[in-house]
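The primary structure of each chain is shown beneath.
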Amino acid sequence: EALGDPDIQVRAVTQYSPNPNELQKAEFAEGYLQHKQPEKALVWLGGDWGDRENSRLRLLAQAQAMLGRNDDAADIRRRVFCSSGAVDDFRAWRELLSTADQETANQIARDKALSASDPIDAARLLLEIRDVAGAAEWRVGRVAVQHHLHVPPAQYPGADAGGGRFDRRPFGSDPCLH
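Calculation rules
Residues numbered from 1 in each chain as written. Predicted model: local features only at pLDDT ≥ 70, side-chain atom pairs only at ≥ 80, totals over all residues. Heavy atoms only, no water. Buried < 20%, exposed > 50% of the residue type's maximum accessible area, 1.4 Å probe, protein only. Helix = DSSP H or I, 4+ residues; strand = E, 2+ residues; numbered from the N terminus. Arc of directions from axis to C-beta. Polar contact = N/O pair within 3.5 Å; in protein donor to acceptor, adjacent residues only side chain to side chain. Contact = heavy atoms within 4.5 Å. Axes fitted to C-alpha atoms, helices over the stretch in contact; angles between N-to-C directions. Parallel < 35°, antiparallel > 145°, perpendicular 65-115°, else oblique. Left-handed = near helix turned anticlockwise from the far one by under 90°. Nonpolar A, V, L, I, M, F, W, Y, C, P; charged D, E, K, R; others polar. Salt bridge = Lys/Arg side-chain N within 4 Å of Asp/Glu carboxyl O. Patch = residues over 30% accessible without salt bridge, like charges linked within 9 Å, V, L, I, M, F, W, Y side chains within 5 Å. Areas by Shrake-Rupley, 256 points an atom, 1.4 Å probe, with all protein chains shown as cover. Lys, Arg positive; Asp, Glu negative; His and termini not counted. Charge placed at Lys NZ, Arg CZ, Asp CG, Glu CD. Phe/Tyr/Trp six-rings, centres within 6.5 Å; stacked < 30°, edge-to-face > 60°.

J.: Honestly, helix α8 (residues 119–128) in this entry has me stumped. Any pointers?
T.: The α-helix advances 3.6 residues per turn, and as a result positions three or four apart in sequence lie on the same side. A122, L125, L126 and E128 are the residues of α8 that are buried. Taken around the axis of α8, the buried residues stretch over an arc of 160°, which confines them to a single face. What points out from α8, more than 90 degrees from its buried face, is the exposed set I120 and L127. The backbone nitrogen of I120 lies 2.7 Å from a side-chain oxygen of the residue at the head of α8, namely D118.

J.: Please explain the side chain of D131 as it appears in this structure.
T.: Take D131: it is sitting in the loop between α8 and α9 (132–147). Classification of D131 by relative accessible area gives buried; the value is 13%. Once residues within four sequence positions are removed from consideration, D131 is found in contact with R110 and L126.

J.: Sorry if this is basic, but what is going on with the packing of helix α6 (residues 87–95) against α8 here?
T.: Think of two packed helices as two axes; the pair is described by the angle between the axes and how far apart they sit. Taken N-terminus to C-terminus, the directions of α6 and α8 make an angle of 30°; their axes are 10 Å apart at the nearest point. Of the possible angle classes, the one that applies to α6 and α8 is roughly parallel. The two elements α6 and α8 cross, and the hand of that crossing is right-handed. Mapping the contact onto sequence places V87, F90, R91 and R94 in α6 and R124, L125 and E128 in α8. Here the residues of the contact of α6 with α8 sort into three nonpolar, no polar and four charged.

J.: Help me out: how do you make sense of the pattern of salt bridges in this one?
T.: Between side chains of opposite charge, pairing is possible as soon as their charged atoms come close. All told, the structure shown has seven salt bridges when counted by the stated rule. With a shortest N-O distance of 2.9 Å, E128 and R91 are connected by a salt bridge. One end of the pair, E128, is in helix α8; the other, R91, is in helix α6, and 37 residues separate them in sequence. For R94, the salt bridge is made with E128, and the minimal N-O distance between the two is 2.6 Å. With R94 in helix α6 and E128 in helix α8, this residue pair connects regions lying 34 residues apart in the sequence. Comparing R94 with E128, the two get one shared label, buried. Beyond isolated ion pairs, a larger network of salt bridges with shared partners links D88, R91, R94 and E128.

J.: Help me understand a negative patch on the surface in this model?
T.: Negative charge collects at one region of the surface, where D71, D72, D75 and D101 lie side by side. With three residues, helix α5 (residues 70–84) is the single largest residue contributor to the negative patch. Tracing the sequence through the fold places D101 in helix α7 (residues 99–114).

J.: How do you make sense of the packing of aromatic side chains when you look at a structure like this?
T.: The geometry of an aromatic ring pair comes down to the distance between the two centres and the angle between the two planes. For the structure on display, the rule yields four aromatic pairs. When the centroid spacing of 5.3 Å and the interplanar angle of 55° are considered together, the rings of F81 and F90 count as tilted. Taking the centre distance of 6.1 Å and the plane angle of 75° together, the rings of F90 and W93 count as edge-to-face. One end of the pair is F90 and the other is W93, both in helix α6 and three residues apart, which spans about a single turn. In this structure F90 comes out as buried when scored by relative accessible area, which is 0%. Within the aromatic cluster, the residues linked to one another by ring pairs are F81, F90 and W93.

What follows is the structure in structure tokens.
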């Protein structure tokens, strides 16, 4: 790594560890990506990395984008966002989308935020998509459920402006799966 050549790092590590672990594979892939060699990074990004799978997918999406495969990169970034719910993952996904597709992504993020169990994650996502009304809906619905209060359906997350349609998806359900 100190020499600035990812091939040297790969050779050095694989000499004493012929079957690199996921952390080593990630370092190899990151080195190749930093040196604008996405094809070589892909060699190390196969398989399932268990609890580090989202790390693998983030690197894989970066490699795909560097190769000009933006549709593949966007699909991967969506999977990562749907898994993590993190604002950074949402941004990385949205950056790869056309303006029209960004609106769909914003709706998915809104739904994910409204079904989130963590108020900080929900607020960050809603603020990212500039949905102040959604933040208010989330809070009203959450407080009502937690305190068994009666709140008119129009004030619940998922209700339309007229109060007619109500999304009965339970809190905590994943909008990426609907």
